[in-house]
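Listed below, chain by chain, are the residues.
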Amino acid sequence: SAQFQLVVPVTVVFAPGSVPGDLPKALPFRDVQEMEISVNLRTSVTSRYEMLYRSTTAQEEAALDVAAARDADAALRPLQDTSLGSLTVYVLPESSSLLPQGTSVYVGKHRSALVRAGGGLAALHRRLRQLTQVMSFTATSIATALSDRVPDGQLGPDARRHLKSSPGYEITFSLLNPDPKSHAVDWDIEGAVNRYVRPVLNKLSLVANFSVDSQILYYAVLGVTPRFDKESSSFLLSAHSLPHVINPVEARLGSSAASLYPVLNFLLYVPERSHSPLYIQDKDGAPVRTNAFHSPRWGGIMVYNVEAPDTPQASLPLHVDVDMVRVMEVFLAQLRLLFGLSREELPPEFLLESPGNEGLADWELDRLLWAHAVENIATVSTTLTSLAQLLDKIGNIVIKDDVASEVYRAVASAQTAMAELAAGNLHSAFQASKEAVTSSEKAFFDPSLLHLLYFPDDQKFAIYIPLFLPMAVPILLSLARIVQESRQRKKEPTKMD
């Protein structure tokens, strides 16, 4: 059983003219708010928000004295606690023009938010609760991280979409050109990866190691023949046929078989001339705006149509230069979906700052680390329990010292991770949880245990009996003859002279 305590340090800073009249104490003061997240009988999660309420400093007031919320967000960053998992909320007077009309909460791209005062302490508490749900974790994100322990009926439909936590991921970009006789396709994948994908992966490097590669596959076709639509004189792929598209393509990709880590596939498909233009339809039969779809825990496919030549006698193959900005926009959105970073539905008075070319805000990175730290600890617990049950079943087992020390290390690291979560140190908690996973996997997959795993006693009998039977038959027959002869001897009367 596991008792998780997730502690989030939150600093609430009041600008002049924003202090609610019904504050229980004079500033500064501390307060704690707790919430239970129900997972199952053996796993309990308590989220604990440790709030510090204080007034702005002169520097913070100067930083807030700007025209736009975006500028305030940038100016406040050096003045706040930037440790992972911590939040700073600046409360502005109701009349403040820093927030646009109709916006009462602005979430920046670092670890802070601006909130419009109004409605007293109860209203502020309600906003703070909404904010912490957006910027750290929700009951759903923690239940999803512990999905192996949650009864199936309790999980939402998106819970199994996200990638499982892993020390590394491999990303493969593939260009599929099924008709090279008609299309000579050029894509600047290296430039696009450096410009759009690298900044995101650099930000995610705290979470895991990433490797990126790309390939061009010729004559690779989708597993489904698209339907011709007379009205629009185009070809259509309907939503229910999309799952059948992946299997034949995957056989050609060939990357996941040799990989240690989960592989994310992003495929750009240029349809052959005989099936152009090709459009993807959603469940309601409407065309999908991006002409792309994604498959949970696998990756995504985008269909890239080529303009038909103006003159029918244009020389083939047509030269195609792929618009990488359009393509990368789609692939990065799919990458966010796979990591569970899709923006949730928010109240209309919330305004979220775009993370820019980094692809994700600092607080989104924290969200990922909260979920992965909890998932890692749960994984270690499951792995070590399985290992203990396995070793129980094998009677004549010798456990080597290095396996034992990996088990001890895994347990110690998992305990450290739990303690760090309870102290509100997200960064060190996540690092310890990652070390715990590595040690538990090393112990479980140790070569000295693997052969015992595959040779339980009944299998040994199954292997050796066929070898011993041919030898045993003559021995048994001889024994039977000896017994028979000795009986015969006893029956025969001895001759008396």
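None of the values given here were measured: they were computed from a predicted structure.

### With respect to the nonpolar core
Nonpolar side chains in soluble globular proteins generally cluster together in the buried interior.
For step 1, the next point in the chain: The biggest cluster of nonpolar side chains holds 93 residues, and the ones touching the most others in it are F173, L204, F339 and L421.
For step 2, the next point in the chain: With 10 residues, the top contributor of residues to this core is helix α8 (residues 362-393).
For step 3, the next point in the chain: Residues in contact with F173, not counting those within four places in the same chain, are W187, I189, V193, V197, V212, D213, S214, Q215, F266, M328 and F331.
For step 4, the next point in the chain: Counting residues in hydrophobic clusters, the runner-up holds 20 residues, among them L237, V245, L253 and W298.

### Section: the packing of α8 against helix α10 (residues 426-444)
For step 1, the next point in the chain: Closest axis-to-axis distance for the α8/α10 pair is 8 Å, and the angle between their directions is 30°. Taken together, the axes of α8 and α10 lie roughly parallel to each other. Handedness of the crossing formed by α8 with α10: left-handed. For the pair formed by α8 and α10, the contact residues are D366, L369, W370, H372, A373, N376, I377, V380, T383, L384, S386 and L387 on the first element and L426, F430, S433, K434, A436, V437, S440, E441, A443 and F444 on the second.
For step 2, the next point in the chain: Classifying every residue of the contact of α8 with α10 gives 13 nonpolar, 6 polar and 3 charged.

### Focus: helix α3 (residues 120-135)
For step 1, the next point in the chain: In this model, α3 (16 residues) spans 23 Å end to end at C-alpha, consistent with the 22 Å of a helix rising 1.5 Å per residue.
For step 2, the next point in the chain: Among the residues making up α3, those that are buried are L121, A123, L124, H125, R127, L128, L131, T132, V134 and M135.

### Focus: the sheet that holds strand β13 (residues 278-280)
For step 1, the next point in the chain: Judged by pairing direction, the sheet is mixed, and its 3 strands sit side by side in the order β10-β11-β13 without closing on themselves. One side of each edge strand has no neighbouring strand; the edge strands of this open sheet are β10 (227-229) and β13. This sheet shows a mean twist of 40° between the axes of neighbouring strands, independent of strand direction.
For step 2, the next point in the chain: Two elements, β10 and strand β11 (residues 234-237), share 3 bridges in a ladder whose sense is antiparallel. Residue pairing for β11: D229 is matched across the bridge by S234.

### Comments concerning the UniProt feature "transmembrane region" (unreviewed entry) in the protein
For step 1, the next point in the chain: The residues that UniProt annotates with the feature "transmembrane region" (unreviewed entry) are residues 461-483.
For step 2, the next point in the chain: Across residues 461-483 one finds 100% helix and 0% strand; the C-alpha atoms that close the span lie 28 Å apart.

### Here's the deal with a nonpolar patch on the surface
For step 1, the next point in the chain: Taken together, I463, Y464, L467, F468 and M471 make up a surface patch of nonpolar side chains, about 540 Å² in accessible area.
For step 2, the next point in the chain: Looking at the element boundaries, F468 is found in helix α12 (residues 457-491).

### Structural notes on the packing of aromatic side chains
For step 1, the next point in the chain: Going through the model one piece at a time under the given rule, you end up with 12 aromatic pairs.
For step 2, the next point in the chain: Judged by centre distance (5.4 Å) and plane angle (45°), the rings of F266 and F331 are tilted. Taken together, the positions of F266 in strand β12 (residues 263-269) and F331 in helix α7 (residues 324-338) put the pair 65 residues apart, joining distant regions of the chain.

### A few points about unusual backbone geometry
Both trends apply: most residues other than glycine have a negative phi, and most peptide bonds are in trans.
For step 1, the next point in the chain: The residue after L27, namely P28, is reached through a cis peptide bond having omega -10°.
For step 2, the next point in the chain: As for its placement among the helices and strands, P28 is situated in the loop between β1 (2-14) and β2 (29-40).
For step 3, the next point in the chain: Following S276, the chain continues into P277 via a peptide bond in cis, with omega recorded as -15°.
For step 4, the next point in the chain: You can see P277 is positioned in the loop between β12 and β13.

### So, the side chain of S166
For step 1, the next point in the chain: Relative to the helices and strands, S166 resides in the loop between α4 (139-145) and β7 (168-177).
For step 2, the next point in the chain: At 2.7 Å, the side chain of S166 and the backbone oxygen of G168 are in polar contact.
For step 3, the next point in the chain: Those residues within four positions of S166 in sequence are excluded, and the remaining contacts are V207, A208, Y261 and P262.

Each value, and the rule that gives it
Residues numbered from 1 in each chain as written. Predicted model: local features only at pLDDT ≥ 70, side-chain atom pairs only at ≥ 80, totals over all residues. Heavy atoms only, no water. Core = buried A, V, L, I, M, F, W, Y, C linked by side-chain atoms within 4.5 Å. Buried < 20%, exposed > 50% of the residue type's maximum accessible area, 1.4 Å probe, protein only. Helix = DSSP H or I, 4+ residues; strand = E, 2+ residues; numbered from the N terminus. Contact = heavy atoms within 4.5 Å. Axes fitted to C-alpha atoms, helices over the stretch in contact; angles between N-to-C directions. Parallel < 35°, antiparallel > 145°, perpendicular 65-115°, else oblique. Left-handed = near helix turned anticlockwise from the far one by under 90°. Nonpolar A, V, L, I, M, F, W, Y, C, P; charged D, E, K, R; others polar. Expected span 1.5 Å × (residues − 1). Pairing = 2+ DSSP bridges. UniProt positions renumbered as here; feature names shortened; annotations may be inferred. Patch = residues over 30% accessible without salt bridge, like charges linked within 9 Å, V, L, I, M, F, W, Y side chains within 5 Å. Areas by Shrake-Rupley, 256 points an atom, 1.4 Å probe, with all protein chains shown as cover. Salt bridge = Lys/Arg side-chain N within 4 Å of Asp/Glu carboxyl O. Phe/Tyr/Trp six-rings, centres within 6.5 Å; stacked < 30°, edge-to-face > 60°. Polar contact = N/O pair within 3.5 Å; in protein donor to acceptor, adjacent residues only side chain to side chain.

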